[in-house]
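# Understanding the architecture of this molecule
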Amino acid sequence: AGNRDALLAMARDDKGITVWCGATGALTGQLELYQHGDQSSFLYSEEFPGAQRTVEVTTVDFLWESRKCLAPVLLKADVQGYELEVLKGATQCLEATEMLILEVSFRRIYKDSALAHEIIAYVADRGFRIYDLCSYVQRQSDLDLIQSDLVFVSESSSLFSYQGWK
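Right, let's walk through the structure included here. Fair warning: this is a prediction, and the values are worked out from it, not measured in the lab.

Regarding its fold elements, the protein presents five helices and eight strands. Scanning the protein from its N terminus toward the C terminus, one meets helices and strands in the order α-β-β-β-β-α-β-α-α-β-α-β-β. Relative to its length of 166 residues, the protein is compact, with a C-alpha radius of gyration of 17 Å against a globular reference of 15 Å. Taking all 166 residues of the protein together, 38% fall into the buried category. The long-range fraction of contacts in the protein, counting pairs at least 24 apart against all pairs at least 6 apart in sequence, stands at 62%.

What follows is the structure, given as structure tokens:
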């Protein structure tokens, strides 16, 4: 809600942008969101506890269908450990998706969050392969890898047409 006015201003300037304020997940309804600074998550974190507030939740598939979006799709999710739940609510949209950009975690920063290997397996089962690594974050205390943004591409994409080294 704190970004609603800026988003609506962007939509006024670009008719290709539509705004819906809420969150996405596997199911529609309402959930408690932990708000901590400029980040928020449905999952609790001892390191980022935050205040709770109730938000409306819908699925990516509902937004996809109601907005009559066109393929191919680039789907980006950085939802503080809730990526797998967002993907579960995007089964139809994923069929039209060529590229995914997902933040994955290698440590369980948020309670009950999916780890990188679980997300990689989930999207692999739906025909996506890792294409690139956008970024990575190391834990300050010991420089262990903690998070990364991964680019996944549909196996049917022309980006995979050449499989050689050179």
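Spatially, four strands are ordered β1-β4-β2-β3 in an open sheet, and the strand pairing comes out mixed. Two strands close off the open sheet at either side, each with one partner strand: β1 (23-24) and β3 (39-41).

Below, the discussion takes up helix α5 (residues 116-124). For α5, every residue scored as buried is listed here: A116, I119, Y122 and V123. Looking straight down α5, one finds that the buried residues subtend no more than 130° of arc, so they occupy a single side.

Turning next to the nonpolar core. In summary, soluble globular proteins display a tendency toward joint burial of nonpolar side chains. Core analysis: the biggest nonpolar cluster contains 33 residues, and L75, L87, L100, L102 and V123 have the highest contact counts within it. Considering each element in turn, this core owes the most residues, four residues, to α5.

You will see that Q80, though not glycine, has its phi angle at about 50°, which is positive. Considering the arrangement of structural elements, one finds Q80 in the loop between β5 (73-77) and α3 (83-88). In the Ramachandran plot, D112 falls in the positive-phi region, its phi being about 65° despite a non-glycine side chain. Looking at the element boundaries, D112 is found in the loop between β6 (97-105) and α5.

Another point: the environment of I120. The topology assignment puts I120 in helix α5. It is 11 Å that separates the C-alpha atoms of I120 and S105, two residues lying 15 residues apart in sequence. If we ignore the near neighbours within four places in the chain, the residues touching I120 are I130, L150 and F152.

What follows concerns the pattern of salt bridges. Enumeration according to the criterion identifies six salt bridges in this entry. The partner of E85 in a salt bridge is K88, and the shortest N-O contact between them spans 3.2 Å. Residue E85 and its partner K88 are both found in helix α3; the two are separated by three residues, about one turn of the helix. For the salt bridge of K111 with D112, the shortest nitrogen-to-oxygen distance reads 3.6 Å. Judged by its relative accessible area of 52%, K111 is exposed. In the salt-bridge network here, residues are joined through shared partners; they are R107, R139, D142 and D144.

Along the chain, the position of S113 falls in the loop between β6 and α5. Relative accessible area serves as the criterion here: at 3%, S113 is assigned to the buried category.

Moving on to the sheet that holds strand β7 (residues 128-138). Hydrogen bonds between backbone atoms are what pair the strands of a sheet, whose relative direction is either parallel or antiparallel. Strand order in the open sheet formed by four strands is β5-β6-β8-β7, with mixed pairing between adjacent strands. Only two strands of the sheet have a single neighbouring strand rather than two, namely β5 and β7. Mean inter-strand twist for the sheet, computed between neighbouring axes without regard to direction, equals 15°. Relative to strand β8 (residues 145-154), β7 runs antiparallel, the two being bridged by nine bridges. Paired with R129 across the bridge in β8 is V153. In the packing of α5 onto the sheet, the strands contacted are β6, β7 and β8, and the crossing angle to β6 comes to about 165°.

Criteria and thresholds
Residues numbered from 1 in each chain as written. Predicted model: local features only at pLDDT ≥ 70, side-chain atom pairs only at ≥ 80, totals over all residues. Heavy atoms only, no water. Helix = DSSP H or I, 4+ residues; strand = E, 2+ residues; numbered from the N terminus. Rg over C-alpha atoms; globule rule 2.2 N^0.38 Å. Buried < 20%, exposed > 50% of the residue type's maximum accessible area, 1.4 Å probe, protein only. Contact = heavy atoms within 4.5 Å. Pairing = 2+ DSSP bridges. Arc of directions from axis to C-beta. Core = buried A, V, L, I, M, F, W, Y, C linked by side-chain atoms within 4.5 Å. Salt bridge = Lys/Arg side-chain N within 4 Å of Asp/Glu carboxyl O. Axes fitted to C-alpha atoms, helices over the stretch in contact; angles between N-to-C directions.

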